[in-house]
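Each chain is listed here by its residues.
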Amino acid sequence: MKKILFAASEGNPYIKTGGLADVVGALPKYLDKEKFDVRVFLPKYLCISESYKQNMKYVTEIYAHMPRGSEYIGIYETKVEGIPYYFIDNEHYFAGDNPYNQIFEDVNKFAFYCRAVLASLPEIGFCPDIIHCHDWQTSLIPVFLDAFYRDNHFYRKTKTVLTIHNQKFQGRWRIDDIENCRDLPANYRYKDMEAYGETNFLKAGILHADRVNAVSENYAIEIQGQEGGEGLDGVMREVSEKLSGIINGIDVEEYNPRKDKKLTAHFSIKSLAKKQKNKEVLQETLGLKKDSSTMLIGIVSRMTEQKGFELLTSIMDEMMNTLNVQIAVLGTGEDRFQDFFQHYDWKYPDRVSATIGYSEEIAHMIYGGADVFLMPSQFEPCGLSQLISMRYGTIPIVRETGGLKDTVEAYNEIWHTGNGFSFSNYDAGELLMIIRYAYDIFQNHPKDWKEIMKRCMNMDHSWKNSAKKYENLYLELLSAKG
Ligand code: ADP
Ligand code: GLC
């Protein structure tokens with residue numbers, strides 16, 4: 001039995017701001033239980049809902065020596081579908097109403113977290129063969145492991161995997177201001193952890209992890225290039241031998257049109273007509289005009305530059321004026337995008353609805369009730385929303401980037417193939433053109449539309465295949481020499 005420890009900054013169902021939580025919440029469940037003993041570590045944020053905290057059992061507490069002095073680390077435990085979850089408690093670091101705050105606080109907080117994970121494992125007696133880290137927040141685990149624990153008997157065989165979910169976020173800050181890194185030897189602080197004059201947690205993790213993978217094959221290639229590398233393309237090329245791409249899956253139990261409790265009407269590929277009822281309920285709930293002939297465009301997203309909504313700003317009026325479409329948006333993030341959608345909600349009250357905030361309920365209703373799902377991302381490491389929407393027969397319109405390119409095959413009206421609509425350049429005109437094309441198929445070729453819906457729903461986006469790839473990655477790493 002191989003022991004795998006997941007260390008992350010968010011994970012379903014406890015704490016989620018985006019797809020990272022989906023992956024951390026789902027992948028452990030899909031790894032072969034006969035071969036792998038998987039456990040998950042998360043911070044015990046103050047903002048985790050009380051209902052979850054009530055079920056966490058106090059395990060123990062330790063005081064670890066860190067640059068600020070002796071630091072309290074509380075360890076709590078619970079189980080999700082048989083998987084043990086451990087939570088690191090320290091209210092000094094994990095307060096606040098969001099897992100992430102100001103970057104200058106976050107770098108110190110996650111440096112603490114990485115140290116706390118390593119300090120806790122001997123206490124709970126779980127000696128991992130592999131620590132699987134996710135994104136910059138846990139990137140320092142391989143670094144601290146190399147700097148402080150290599151002579152430690154407990155960790156003598158422990159290897160590390162780092163999964164990059166988003167290379168844009170790197171944990172950058174002024175080197176000398178990060179208290180919890182102060183005792184790292186100079187060659188770590190000023191060489192491995194340094195990029196462009198700042199500390200860069202992700203870079204350090206990439207250099208020190210035994211294996212690195214990105215969340216789609218295409219993204220693994222993109223981050224080695226200047227455009228997608230976010231300044232680290234040189235580093236990525238340097239480590240290309242230990243770099244791979246593994247596409248994410250989705251939790252097909254959570255997102256299941258046949259059983260989803262958040263949907264009014266359950267449906268399957270054999271009863272597609274029932275999806276119409278969900279569209280009606282969505283329109284009613286969001287105050288949109290009840291109209292079955294409109295093409296209802298859904299968006300569920302973090303509202304950041306990455307997601308490409310900037311492209312919509314210059315075509316929104318033209319689209320609204322020339323096509324019978326409605327838009328249902330759910331998201332939260334930067335003011336400029338929130339304001340943009342709210343403005344159109346005001347301008348076209350019965351055709352545009354902008355819900356600013358986070359809601360699982362409305363997210364499921366949009367996935368289950370919209371006709372198309374829009375993701376014009378500037379870049380997209382994997383993207384789960386397009387996979388989720390396809391499972392509900394909601395046809396994605398995406399830009400051909402990252403994982404969107406790997407998972408959405410453009411509709412071909414001659415060969416009757418494809419499961420969505422895509423455009424290539426980050427260009428508003430191209431986006432409008434593809435929306436018009438999708439609109440034409442939706443309005444004038446309903447039979448073809450239905451076939452695309454069916455192809456979407458027939459796809460297997462479960463974790464089955466990708467979990468196998470992670471298993472192979474772990475086994476290959478453990479059998480590697482050195
Ligand atoms: P990213 O991780 O870059 O945000 P993904 O497509 O990988 O993008 O995953 C986004 C996940 O977060 C999906 O599960 C999506 O449904 C969910 N999500 C994003 N915004 C919201 C929101 N405002 N309310 C509910 N769920 C959301
Ligand atoms: C990141 C990426 C997204 C990916 C998710 C899960 O948040 O932006 O594309 O799907 O992580 O890996």
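What you are looking at is a predicted structure, and each value in this text was computed from that prediction instead of being measured.

Focus: the overall build of the chain
- Regarding its fold elements, the chain presents 19 helices and 18 strands.
- Here the chain has a C-alpha radius of gyration of 23 Å; the compact-globule value for 482 residues is 23 Å, and the two agree.
- The C-alpha extent of the chain, read off along each of the three principal axes, is 70 × 45 × 40 Å.
- Each of the 482 residues in the chain was classed as buried or not, and the buried ones make up 59%.

Re the site of ligand 2
- As a matter of local geometry, ligand 2 sits amid 14 residues, with His165, Asn248, Gln306, Glu380 and Gly383 nearest to it.
- A distance of 3.5 Å separates an oxygen atom of ligand 2 from a polar atom in the side chain of Asn166.
- Bound to the protein, ligand 2 loses 94% of the 310 Å² it would expose on its own.
- Ranked by residue count, the leading element in the shell around ligand 2 is helix H1 (residues 19–30), at three residues.
- Per-class residue counts for the shell around ligand 2 are six nonpolar, six polar and two charged.

Here we look at the pairing of strand E3 (residues 57–66)
- Relative to strand E4 (residues 69–80), E3 is paired through nine bridges, and the arrangement is antiparallel. Within E4, the position partnered with Met66 by the bridge is Gly69.
- Here E3 folds back onto E4, and the loop between the two strands holds two residues.

Points about the side chain of Thr163
- Residue position: Thr163 is located in strand E7 (residues 159–164).
- The exposure class of Thr163 is buried, given its relative accessible area of 0%.
- At a separation of 2.6 Å, a polar atom in the side chain of Thr163 contacts the side chain of His132.
- Polar side-chain contacts of Thr163 include one of 2.6 Å to the side chain of Asn213.
- In contact with Thr163, not counting residues within four places along its chain, are His132, Cys133, His134, Asp135, Asn213, Val215 and Tyr470.

Focus: the nonpolar core
- Counting 163 residues, the largest nonpolar core has Ile73, Leu140, Ile206, Leu312, Met319, Phe421 and Trp449 as the members making the most contacts within it.
- The element contributing the most residues to this core is helix H4 (residues 103–124), with 12 residues.
- Not counting residues within four places of it along the chain, the set of residues in contact with Met319 comprises Ile297, Leu312, Val325, Ile327, Leu432 and Ile435.

Comments concerning the pattern of salt bridges
- For the coordinates displayed, the defined rule picks out 28 salt bridges.
- The shortest N-O distance in the salt bridge between Asp233 and Arg237 comes to 3.2 Å. Placement of the pair is Asp233 and Arg237 together in helix H9 (residues 233–238), with a separation of four residues, close to one helical turn.
- Judged by relative accessible area, which is 45%, Arg237 ranks as partly exposed.
- With a closest N to O distance of 4.0 Å, Glu305 and Arg336 form a salt bridge. Of this pair, Glu305 sits in the loop between strand E13 (295–303) and helix H11 (310–313) while Arg336 sits in helix H13 (residues 335–347); the two residues are 31 residues apart in sequence, bridging distant segments of the chain.
- Among the charged side chains, a salt-bridge network with shared partners connects Lys16, Asp22 and Glu360.

A look at the layout of surface pockets
- Each pocket or cavity is described by its volume, and for the second largest pocket that value is around 410 Å³.
- Considering every element that reaches the lining of the second largest pocket, the biggest residue donor is H1, with four residues.

Regarding the sheet that holds strand E5 (residues 83–89)
- A sheet is described by the order of its strands in space; here nine strands give the open sequence E3-E4-E5-E2-E1-E6-E7-E11-E12, paired in mixed fashion. Strands at the two margins of the open sheet, each flanked by one partner only, are E3 and strand E12 (243–245). Between one strand axis and the next, the sheet turns by 25° as a mean value, whatever way the strands run.
- Sheet contacts for H4: strand E1 (2–7), strand E2 (36–43), E3, E4, E5 and strand E6 (130–134); angle to E3, the most-contacted strand, approximately 120°.
- Across the sheet, helix H19 (residues 464–479) touches E1, E2, E6, E7, strand E11 (211–214) and E12, and the angle it forms with E7 is around 145°.

Some details on H19
- Between its terminal C-alpha atoms H19 stretches 23 Å, which fits the 22 Å expected from 16 residues at 1.5 Å a residue.
- All of the buried residues along H19 are Ser466, Ala467, Tyr470, Glu471, Leu473, Tyr474 and Leu477. When H19 is viewed along its axis, its buried side chains cluster within an angular range of 155° and face the same direction. Residues of H19 that are exposed and angled more than 90 degrees away from the buried face: Lys464 and Ser479.

Remarks on the site of ligand 1
- With respect to spatial proximity, 23 residues lie near ligand 1, and among them Gly19, Arg302, Lys307, Gly357 and Tyr367 are the closest.
- The backbone of Leu384 places a nitrogen or oxygen atom 2.8 Å from an oxygen atom of ligand 1.
- In the complex, 93% of the free accessible area of ligand 1, which totals 560 Å², lies under the protein chains.
- If you list the elements that add at least two residues to the shell around ligand 1, you get H1, E13, strand E14 (325–333), helix H14 (360–369) and helix H15 (385–391).
- The element best represented in the shell around ligand 1 is E13, accounting for three residues.
- Of the residues that constitute the shell around ligand 1, the class distribution is nine nonpolar, nine polar and five charged.

What counts and how
Residues numbered from 1 in each chain as written. Chains lettered and ligands numbered in written order. Predicted model: local features only at pLDDT ≥ 70, side-chain atom pairs only at ≥ 80, totals over all residues. Heavy atoms only, no water. Helix = DSSP H or I, 4+ residues; strand = E, 2+ residues; numbered from the N terminus. Rg over C-alpha atoms; globule rule 2.2 N^0.38 Å. Buried < 20%, exposed > 50% of the residue type's maximum accessible area, 1.4 Å probe, protein only. Near = heavy atom within 4 Å. Polar contact = N/O pair within 3.5 Å; in protein donor to acceptor, adjacent residues only side chain to side chain. Areas by Shrake-Rupley, 256 points an atom, 1.4 Å probe, with all protein chains shown as cover. Nonpolar A, V, L, I, M, F, W, Y, C, P; charged D, E, K, R; others polar. Pairing = 2+ DSSP bridges. Contact = heavy atoms within 4.5 Å. Core = buried A, V, L, I, M, F, W, Y, C linked by side-chain atoms within 4.5 Å. Salt bridge = Lys/Arg side-chain N within 4 Å of Asp/Glu carboxyl O. 1 Å grid on protein atoms, 1.4 Å probe; cavity = no way out; pocket = protein on both sides within 12 Å on 5 of 7 lines; lining within 4 Å. Points joined across faces, edges and corners; volume = space filled by probe spheres on them. Axes fitted to C-alpha atoms, helices over the stretch in contact; angles between N-to-C directions. Expected span 1.5 Å × (residues − 1). Arc of directions from axis to C-beta.

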